[in-house]
Amino acid sequence: MSPDSPRIVVTRALPPAALEPLYSVGPVWVSPHDRPLSVAELHQAVDGASAIISMLNDTIDDDVLDAAGPDLRIVANTAVGYDNLDVRAITARGAIATNTPGVLVDATADLTMALLLDVTRRVSEGDRLVRSGAGWSWDISFMLGSGLQGKQLGIIGMGHIGQAVAARAAAFGMDVVHHSRRPVEAGGSRPLPLDELLATSDVVSLHCPLTVQTRHLIDADALRSMRSSAYLVNTARGPIVDEAALAAALADGEIAGAALDVYENEPEVHDALRGLPNAVLAPHLGSATVETRTRMAELAVENVVATLLGKDAPTPISVPST
């Protein structure tokens, strides 16, 4: 391999079989740490890189791009969301940014329904009760939850994942409505203004991207506008929800429950949420199936290989319009 071969940096270990195609393109550095790299470690790792395969908890900003230097040609994010990338800064330097759309739709939609069922039927709460060893016995009013049939599911963000959730919810007999940033033709779902969706839905499920406009979209005012019997599910991005406001709303009975897979400052979770029985908390499992995570890694690698060989990357990210 030529000394001038492009250097490839992988910020956290991926399945070895998925990485294999990289070795025919250039030298590959894979982080030896079973954790996200610190800022200093990331800057050191990317020095002289032609390609960076990043994870959703790597912030790729001007400082990282400066550390990488002029040879950088691609940042391949191993996620569908890319709020951790400064896409404009990447493209301004003549590189491209890519993500892994499509491959995690079903896995994330499945987990959304799992969380929805968990929080409405109090499954995790019941699990904790049984494991505690506390006495319990069945009776007609024991640990009553909420059924889904005939209830309204309000989906915020009707992209591929939102539509997949809608299809699953319809199979449970739910009436699906949605609010989206662009018109969507979704069979069986009708569009609603955001305020009406929040005020009328029995379950609100978040599937929008994290942007300046959606950060803390679900704040104290939004939570107060929801029904006291309603539930919130978030498998999108943590900062879409104001966690402090959510904890207060759950504690005060403003809404019935919440199920979260993502958090404002992962892996940290607001302390008040941890002790609430009506909060189901999962550790970012949306895409966590063997099949999905493997395909995400493969697609990130395919983007890098294509770019370094002078071909079109399969899934480039477009620069957001102003």
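What you see is a predicted model, and the numbers here were worked out from it, not measured in a lab.

Engineer: I'm lost on the layout of surface pockets in this one. Help?
Structural biologist: Over the atoms rolls a probe the size of a water molecule, and in doing so it shows where empty space is left. Computed from the structure, the second largest pocket encloses a volume of approximately 160 Å³. Together, Leu37, Ser38, Val39, Leu42, His43, Asn57, Asp58, Thr59, Asp61, Asp63 and Val64 line the second largest pocket. Looking at the lining of the second largest pocket, the element that brings in the most residues is helix α2 (residues 39-46), giving three residues. Residue composition of the lining of the second largest pocket, grouped by class: four nonpolar, four polar and three charged.

Engineer: Where do I start with the domain arrangement of the protein in this structure?
Structural biologist: How big an interface is tends to be stated in terms of accessible area lost as the parts join. Along its sequence, the protein is carved into domain 1 (8-99 + 290-309) and domain 2 (105-281). Summarising the inter-unit geometry, the C-alpha centres of domain 1 and domain 2 are found 32 Å apart.

Engineer: Even after reading the chapter, I still don't get helix α5 (residues 105-121), so can you show me in this structure?
Structural biologist: Count 3.6 residues to each turn of an α-helix, and residues three or four apart come out pointing the same way. The end-to-end C-alpha separation of α5 is 24 Å, in line with the 24 Å expected for 17 residues at 1.5 Å each. Of all 17 residues that make up α5, twelve are buried, and the element is covered over most of its length. Looking only at α5, the buried set comprises Val105, Ala107, Thr108, Ala109, Leu111, Thr112, Met113, Leu115, Leu116, Asp118, Val119 and Thr120. A positive phi of about 60° marks arginine 122, the residue just after α5.

Engineer: Explanation requested: the pairing of strand β7 (residues 175-179) in the structure shown.
Structural biologist: The two faces of the sheet receive side chains in turn, since in a regular strand these alternate between them. Alignment of strand β6 (residues 152-156) against β7, held across five bridges, turns out to be parallel. Counted as the bridge partner of isoleucine 156 is histidine 179 from β7. Assessed by its sense of winding, the connection that carries the chain from β6 through helix α7 (residues 160-171) to β7 is right-handed. Where β7 lies against strand β8 (residues 189-191), three bridges are found, and the strand directions are parallel. The residue bridging histidine 178 from the neighbouring strand is proline 191, located in β8.

Engineer: What's the story with the pattern of salt bridges in this structure? I'm lost.
Structural biologist: It is possible for side chains bearing opposite charge to pair when their charged atoms get close. Taken as a whole and judged by the stated rule, the model has 15 salt bridges. One salt bridge in this structure joins arginine 237 and aspartate 83, with 3.0 Å as the shortest N-O distance. With arginine 237 in the loop between β10 (231-234) and α10 (243-252) and aspartate 83 in the loop between β4 (74-77) and α4 (87-92), this residue pair connects regions lying 154 residues apart in the sequence. Its relative accessible area of 38% is what places aspartate 83 among the partly exposed residues. Its salt-bridge partner being arginine 295, residue glutamate 298 comes within 3.5 Å of it at the nearest N-O pair. Of this pair, glutamate 298 and arginine 295 both sit in helix α12 (residues 290-308), three residues apart, roughly one helical turn. On the accessibility criterion, arginine 295 (28% relative accessible area) is partly exposed.

Engineer: Can you help me understand the environment of aspartate 127 in this one?
Structural biologist: If you trace the backbone, aspartate 127 turns up in helix α6 (residues 123-132). Under the relative-accessibility criterion, aspartate 127 is labelled partly exposed at 33%. Each C-alpha atom, one on aspartate 127 and one on aspartate 62, is 46 Å from the other, the two residues being 65 residues apart in sequence.

Engineer: What is the right way to look at the nonpolar core in this model?
Structural biologist: A general tendency of soluble globular proteins is for nonpolar side chains to be buried together. Core analysis: the biggest nonpolar cluster contains 31 residues, and Leu206, Ile218, Leu223, Leu232 and Leu246 have the highest contact counts within it. When residues of this core are traced back to their parent elements, those giving at least two are α8 (194-200), β9 (203-206), α9 (220-225), α10 and β11 (257-260). If one sorts the elements of this core by residue count, α10 sits on top with five residues. Here leucine 206 is in contact with Ile156, Ile218, Leu232, Val233, Asn234, Thr235, Ala236, Ile240 and Val241, once residues within four sequence places are set aside. Counting residues in each nonpolar core, the second largest holds 27 residues, with Ala109, Leu153, Met158 and Val184 among its members.

Thresholds applied
Residues numbered from 1 in each chain as written. Predicted model: local features only at pLDDT ≥ 70, side-chain atom pairs only at ≥ 80, totals over all residues. Heavy atoms only, no water. 1 Å grid on protein atoms, 1.4 Å probe; cavity = no way out; pocket = protein on both sides within 12 Å on 5 of 7 lines; lining within 4 Å. Points joined across faces, edges and corners; volume = space filled by probe spheres on them. Helix = DSSP H or I, 4+ residues; strand = E, 2+ residues; numbered from the N terminus. Nonpolar A, V, L, I, M, F, W, Y, C, P; charged D, E, K, R; others polar. Domains from an automatic or database assignment. Expected span 1.5 Å × (residues − 1). Buried < 20%, exposed > 50% of the residue type's maximum accessible area, 1.4 Å probe, protein only. Pairing = 2+ DSSP bridges. Right-handed = clockwise from strand over helix to strand, strands pointing away. Salt bridge = Lys/Arg side-chain N within 4 Å of Asp/Glu carboxyl O. Core = buried A, V, L, I, M, F, W, Y, C linked by side-chain atoms within 4.5 Å. Contact = heavy atoms within 4.5 Å.

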